[in-house]
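Residue-level structural notes
Each chain, letter by letter, is given below.
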Amino acid sequence: MSTVVLDRTETLADLLDRLGGIPLNRIRMQPAPGTATEHDLLDPQYGDSRLCELVDGVVVEKGVGYYESRLAAVLIWYLESFLRRRRLGIVVGADAHTRFRPGLVRMPDVAFVRKERLPKGKVPRTAIASLPPDLAVEIMSRSNTEREMNRKRREYFEAGVRLVWQVYPRRKVVRVYSGVDEFVELGEGDTLDGGDVLPGFSLSISEWFERADEP
């Protein structure tokens, strides 16, 4: 598997800027930045405690948090309850490696793929699936930056993602993106809907957060 060369990356500051200003403790130095491959990404040393993505030959730890994981789990439950009756597609969680293009493997916190896009109508059994979702959900943690998310959204939409939900847990706000920079912001009094991607799906934002907060 070929290595990605980090053009115009001469210093750690350049690398940090390229990755969206994320905290340095999320950038793995082994293998050396710019030389990592999917094989390295799947090495057990990265799977023992943290989720990692592959970004232009760099292994980057995914920003996660306990409460953010809870929000993702509850959303998956709502989506699965909806899909069980309609059979529109599948939902996967944050540990599903997805190849968006060669050298770029991302892991949205929640992702939905429509049934007709599944290879031969079946769920992939590969460690990394070349199956960018129709809906990608990113739940902001303390280590995420807006610049990082701007880059992710650009990658997502370039790969064919049709809808992105970017969630801000502390403000209980969801930005619904239909394009890289095209969004509407919803709060606790609003309702999420799946639009053309998940027709018929709706979820009260206040209900989502209330369920996530319940013991």
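Look up: the structure comes first, before these words.
Throughout what follows, the structure given in this document is the object of discussion. (Residues numbered from 1 in each chain as written. Predicted model: local features only at pLDDT ≥ 70, side-chain atom pairs only at ≥ 80, totals over all residues. Heavy atoms only, no water.)

Time to look at the sheet that holds strand β6 (residues 110-114). Where strands meet in a sheet, backbone hydrogen bonds hold them as pairs that are either parallel or antiparallel. If you walk across this open sheet you meet the six strands as β3-β6-β8-β9-β10-β11, and the pairing is mixed. Each edge of the sheet is formed by a strand with only one pairing partner; in this case those strands are β3 (89-93) and β11 (183-186). Mean inter-strand twist for the sheet, computed between neighbouring axes without regard to direction, equals 15°. Judged from the four bridges that link them, strand β10 (residues 173-177) and β11 form a sheet pairing that is antiparallel. Within the sheet, the bridge partner assigned to V174 lies in β11 and is L186. With respect to the sheet, helix α4 (residues 66-86) is in contact with β3, β6, β8 (135-139) and β9 (163-168), its orientation differing from that of β3 by roughly 165°. (Pairing = 2+ DSSP bridges. Helix = DSSP H or I, 4+ residues; strand = E, 2+ residues; numbered from the N terminus. Axes fitted to C-alpha atoms, helices over the stretch in contact; angles between N-to-C directions. Contact = heavy atoms within 4.5 Å.)

The strand order across the open sheet formed by five strands is β2-β1-β5-β4-β7, and the pairing between neighbours is mixed. Where the open sheet ends on each side, the last strands, each with one partner, are β2 (58-61) and β7 (128-129). The pairing of strand β4 (residues 97-101) with strand β5 (residues 104-106) spans three bridges and is antiparallel. Among the inter-strand pairings, R101 is bridged to a residue of β5, identified as L104. Most of the contacts of helix α5 (residues 146-158) go to β5, to which it runs at about 105°, and overall it touches β1 (52-55), β4 and β5.

Judged by how many residues are buried, β6 sits mostly within the fold: five of five residues are covered. Both faces of β6 are covered, namely the face carrying V110, F112 and R114 and the face carrying A111 and V113. By the bridge criterion, five bridges tie β3 to β6 in an arrangement that is antiparallel. Each bridged residue has a counterpart across the sheet, and for V91 the counterpart in β6 is F112. Bridging between β6 and β8 involves three bridges; their strand directions are antiparallel. (Buried < 20%, exposed > 50% of the residue type's maximum accessible area, 1.4 Å probe, protein only.)

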